[in-house]
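A look at the structure
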Amino acid sequence: MLTQPNLTVAVDTRTYLYDYDFLVAYGRARGLRPGWQAFVAATGAGAAVLPTEDPMTLALVQQLDWTERQRTDGYTLLVAP
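Residues numbered from 1 in each chain as written. Predicted model: local features only at pLDDT ≥ 70, side-chain atom pairs only at ≥ 80, totals over all residues. Heavy atoms only, no water.

**Overview of the pattern of salt bridges**
In total, this model carries 2 salt bridges according to the counting rule given. Measuring nitrogen to oxygen at the nearest pair gives 2.8 Å for the salt bridge that ties Arg71 to Glu68. (Salt bridge = Lys/Arg side-chain N within 4 Å of Asp/Glu carboxyl O.)

**A short note on the sheet that holds strand S3 (residues 75-79)**
Taken in spatial order, the 3 strands of this open sheet run S1-S3-S2, and their pairing is antiparallel. A single partner strand is all that each edge strand has here, and the edge strands are strand S1 (47-51) and strand S2 (67-72). Averaged over all neighbouring strand pairs, the angle between strand axes comes to 20°, with direction disregarded. Across 5 bridges, S1 lies against S3 in antiparallel orientation. From the neighbouring strand, Val49 faces S3, where its bridge partner is Leu77. With respect to the sheet, helix H3 (residues 55-64) is in contact with S1 and S3, its orientation differing from that of S1 by roughly 140°. (Pairing = 2+ DSSP bridges. Helix = DSSP H or I, 4+ residues; strand = E, 2+ residues; numbered from the N terminus. Axes fitted to C-alpha atoms, helices over the stretch in contact; angles between N-to-C directions. Contact = heavy atoms within 4.5 Å.)

**Here we look at the confidence of the model for the protein chain**
Of the residues in the protein chain, 90% have a pLDDT of 70 or more, and the chain-wide mean is 89. Here S1 is the element of the protein chain with the lowest mean pLDDT, 91, and H3 is the one with the highest, 97. (pLDDT = per-residue confidence, 0-100.)

**Considering the packing of aromatic side chains**
Taken as a whole, this structure holds 3 aromatic pairs when the rule is applied. Centroid distance Phe22 to Phe39: 5.3 Å. Interplanar angle 50°. Geometry classified as tilted. Taken together, the positions of Phe22 in helix H1 (residues 20-30) and Phe39 in helix H2 (residues 36-43) put the pair 17 residues apart, joining distant regions of the chain. According to the relative accessible area criterion, Phe22 is partly exposed, its value standing at 24%. Within the aromatic cluster, the residues linked to one another by ring pairs are Tyr18, Phe22, Tyr26 and Phe39. (Phe/Tyr/Trp six-rings, centres within 6.5 Å; stacked < 30°, edge-to-face > 60°. Buried < 20%, exposed > 50% of the residue type's maximum accessible area, 1.4 Å probe, protein only.)

**Section: H3**
Among the residues of H3, those classed as buried are Met56, Thr57, Ala59 and Leu60. Along the axis of H3, the buried positions cluster into a sector of 165°, meaning they face one direction only. Turned more than 90 degrees away from the buried face of H3 sit Pro55 and Gln62, all of them exposed. Its buried side turned inward, H3 meets H1, H2, S1 and S3. The positive-phi residue at the C-terminal boundary of H3 is Asp65, with phi of around 60°. (Arc of directions from axis to C-beta.)

See below:
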């Protein structure tokens, strides 16, 4: 991100920046619970960096047609369609 100053982060580990309802929705989305696709769409995310073996990585590719751009050190960069 330091090399991408115009990148807007949808969510990160600084949970104090987000309200309770957002964090609950995020948790449900990460668990691929019903409505997770709507949460992803609502964030407006154009890319995601996730652990390669994370179920959401596969779900984004298979269910929402995201594309793998790069894979390194156990993480995958995905780009939204």
